[in-house]
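Secondary and tertiary structure notes
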Amino acid sequence: MSVFKLAFPKINLSGVGSIDALIERLTAEHAGDKGLLICDPTLVELGFANKLMESELELTLFKDVRPNPDTNTVNQALAMYQKSDARYIIGFGGGSSIDTAKAIRILSANPAPIANYNGVEKVSKLGAPLYAINTTAGTAAEVTSNAVITDTATHVKHVIISDKIIPDISVNDPSVMLGIPSATTAATGIDALTHALESYVSVGAHKLTDYISLEAISTIAQSLPQAVDDGSDINSREIMAYGQFIAGLSFNSAGLGMVHAMAHPAGAHKDLPHGVCNAILLPIVSEFNRPYRVEKFAQVAKALGVDTSDMDSEQASVAAIDALNALNRRVGIPRGFAELGVSEEDILAWVDDALADPCAGGNPAPMTREQVIELYHKAL
Ligand SMILES: [Fe+2]
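Going by what an unreviewed UniProt entry lists, the chain is known as Iron-containing alcohol dehydrogenase and is assigned to Vibrio olivae. Taken from UniProt, the Cofactor (unreviewed entry) comment for the chain reads in full: "Fe cation". Regarding the chain, the UniProt comment filed under Sequence similarities (unreviewed entry) reads as follows: "Belongs to the iron-containing alcohol dehydrogenase family."

Structure below.
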């Protein structure tokens, strides 16, 4: 028996004004309850948290989330959750804030430390209600059952995968995405493309996710350059928000692969941005995977905008890899990890973590230790 599970939030609000719609809902549903709002300092400085803090919701603010959130941050946020007597959690931001909020949801009903929940479906009790407002396009953390928390002591990334951390309501309001710098837009956009592509070629892919993945690849490839060039263009922001959202729907059910498995240690050991690590690895890992999914990579080429009418499947699949490299160049992704200060010694320290990462199992073909080392070298 082969069971396919489609899992995503019960309610998804999208479009300009969807944050106001969430506030209206929560004001009615949580009257008299206190809540914890989890975000990062930049969102507060930009004034984006004001709408929530000045609403009728009784919120305590935790604003100390940093990129690649760690166990220290989770412990601090948990202390505030308990002290404030909160009954629900709002994660507001990119993957870092929403992943921290997911960790607090777990610890609101299950014993600490958060490291106990590393792996697949290790969470027993459903925690406090969780609402996720996404500000990047992006990680799709507002949609998924994943949270990645770095262990401050060991530098290992705990990849927590559980249906019990899927937010109750996800919100994608492009009006809070307008101020994102172009480099972050590019990196998070290629992260979303990686979600779409890895889920499309994953061993867990399904007819339904195939359809969604290709739509996501096409949507992101068409709108990302414009969102990078002109961050104030609400139209391309809205289209990117849609593309990353549906890529999240797809990978949450079909899984990921070695791009993410190899990117996670890079983020954990060197504190490098998740999207940049994925972007560097995506064409390299795809080149490795291509012979195992020739027909699918030929479809990826089309979705990326390549005219494949005069090509056979083999040629079109190769053209997909070229198109991924071209898109990286177009949106200004660094050419390799060396540009980010990574050394050969560093990448050798990532290999075991990459092979042990829960995402590795979704790759279309397993990789040996030697192959992982070889691909890391190519990515340097
Ligand atoms: Fe990702």
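**Remarks on the packing of aromatic side chains**
Inspection of the entire model under this criterion finds four aromatic pairs. Here the aromatic rings of Tyr-88 and Tyr-131 are separated by 6.0 Å at their centres, their planes lie at 65°, and the arrangement is edge-to-face. Note that Tyr-88 is positioned in strand β4 (residues 88–93) and Tyr-131 in strand β6 (residues 130–134), a separation of 43 residues in sequence. Relative accessible area serves as the criterion here: at 0%, Tyr-88 is assigned to the buried category. On the basis of relative accessible area, Tyr-131 is assigned to the buried category, the value being 5%. Residues Phe-337 and Trp-350 carry aromatic rings whose centres are separated by 5.4 Å and whose planes lie at 80° to one another, so their mutual orientation is edge-to-face. A residue pair is termed long-range when its members are at least 10 positions apart, and Phe-337 in the loop between α12 (313–330) and α13 (344–348) and Trp-350 in the loop between α13 and α14 (351–356) qualify at 13 residues. Judged on exposure class, the residue Phe-337 and its partner Trp-350 are both buried.

**Some details on the sheet that holds strand β8 (residues 157–161)**
Read across the sheet, three strands follow the order β5-β8-β7 without closing on themselves; strand pairing throughout is mixed. Each having just a single partner strand, β5 (119–120) and β7 (146–150) make up the two edges of the open sheet. Bridging between β7 and β8 involves five bridges; their strand directions are antiparallel. In the strand pairing of β8, Ile-149 is matched with His-158. Contacts from helix α9 (residues 258–270) reach β7 and β8, with the element oriented near 135° to β8.

**Considering the coordination of the iron ion**
In this structure, Asp-191 (OD), His-195 (NE2), His-260 (NE2) and His-274 (NE2) serve as the protein donors to the iron ion, at separations of 2.2 Å. Each donor residue of the iron ion lies on the same chain, and together they follow the pattern D-x3-H-x64-H-x13-H. With Asp-191 and His-195 both in helix α6 (residues 182–201) and four residues apart, this pair spans about one turn of that helix. Here Asp-191 matches His-195 in class, with each residue buried.

**A short note on the nonpolar core**
If you look at the biggest cluster of nonpolar residues, it comprises 69 residues, and the most contacted ones within it are Ile-190, Leu-193, Met-262, Leu-281, Phe-337 and Tyr-376. Looking at which domains feed residues into this core, each of domain 1 (11–176) and domain 2 (182–379) supplies at least three. Counting residues in each nonpolar core, the second largest holds 24 residues, with Leu-36, Ala-101, Ile-114 and Val-123 among its members.

**Here's the deal with the sheet that holds strand β3 (residues 58–62)**
Taken in spatial order, the six strands make up an open sheet running β1-β9-β6-β4-β2-β3, and their pairing is parallel. The two strands at the open ends of the sheet, each matched to only one other strand, are β1 (11–14) and β3. Each adjacent strand pair in this sheet contributes to an overall mean axis angle of 20°, direction not counted. By the bridge criterion, five bridges tie β4 to β6 in an arrangement that is parallel. Residue pairing across strands places Gly-93 opposite Asn-134, the latter belonging to β6. Taken strand by strand, helix α4 (residues 71–83) contacts β2 (34–38), β3 and β4, and its axis lies near 155° from that of β3.

**Overview of the side chain of Asn-146**
Within the element layout of this structure, Asn-146 appears in strand β7. Setting aside residues no more than four positions away along its own chain, Asn-146 makes contact with Asp-99, Lys-102, Ile-160, Ile-161, Ile-165, Phe-251 and Asn-252.

**With respect to the pattern of salt bridges**
Inspection of the entire model under this criterion finds 13 salt bridges. Residue Asp-352 is joined to Arg-369 by a salt bridge in which the shortest nitrogen-to-oxygen separation is 3.1 Å. Here the residue Asp-352 occupies a position in helix α14, and Arg-369 occupies one in helix α15 (residues 369–379), the gap between them amounting to 17 residues.

**Here we look at the domain arrangement of the chain**
Looking at the chain, the domain boundaries give domain 1 (11–176) and domain 2 (182–379). The gap between the C-alpha centroids of domain 1 and domain 2 is 26 Å. Taken residue by residue, the interface counts 29 residues in domain 1 and 25 residues in domain 2. For the pair domain 1 and domain 2, the summed buried area comes to about 2000 Å², and 60% of that belongs to carbon and sulfur atoms. Linking domain 1 with domain 2 are one salt bridge.

**A word on the pairing of strand β9 (residues 169–172)**
The alternating pattern of β9 places Ile-169 and Val-171 on one face and Ser-170 and Asn-172 on the opposite face, and all of these are buried. Bridge count for β1 against β9 is four bridges, and the pairing is parallel. Bridge pairing in β9 places Ile-11 opposite Ile-169.

Quick notes on the rules
Residues numbered from 1 in each chain as written. Predicted model: local features only at pLDDT ≥ 70, side-chain atom pairs only at ≥ 80, totals over all residues. Heavy atoms only, no water. UniProt positions renumbered as here; feature names shortened; annotations may be inferred. Phe/Tyr/Trp six-rings, centres within 6.5 Å; stacked < 30°, edge-to-face > 60°. Helix = DSSP H or I, 4+ residues; strand = E, 2+ residues; numbered from the N terminus. Buried < 20%, exposed > 50% of the residue type's maximum accessible area, 1.4 Å probe, protein only. Pairing = 2+ DSSP bridges. Contact = heavy atoms within 4.5 Å. Axes fitted to C-alpha atoms, helices over the stretch in contact; angles between N-to-C directions. Donors = N, O, S within 2.8 Å, 3.2 Å for Na, K, Ca; no water. Core = buried A, V, L, I, M, F, W, Y, C linked by side-chain atoms within 4.5 Å. Domains from an automatic or database assignment. Salt bridge = Lys/Arg side-chain N within 4 Å of Asp/Glu carboxyl O. Buried area = accessible area lost by both parts, 1.4 Å probe.

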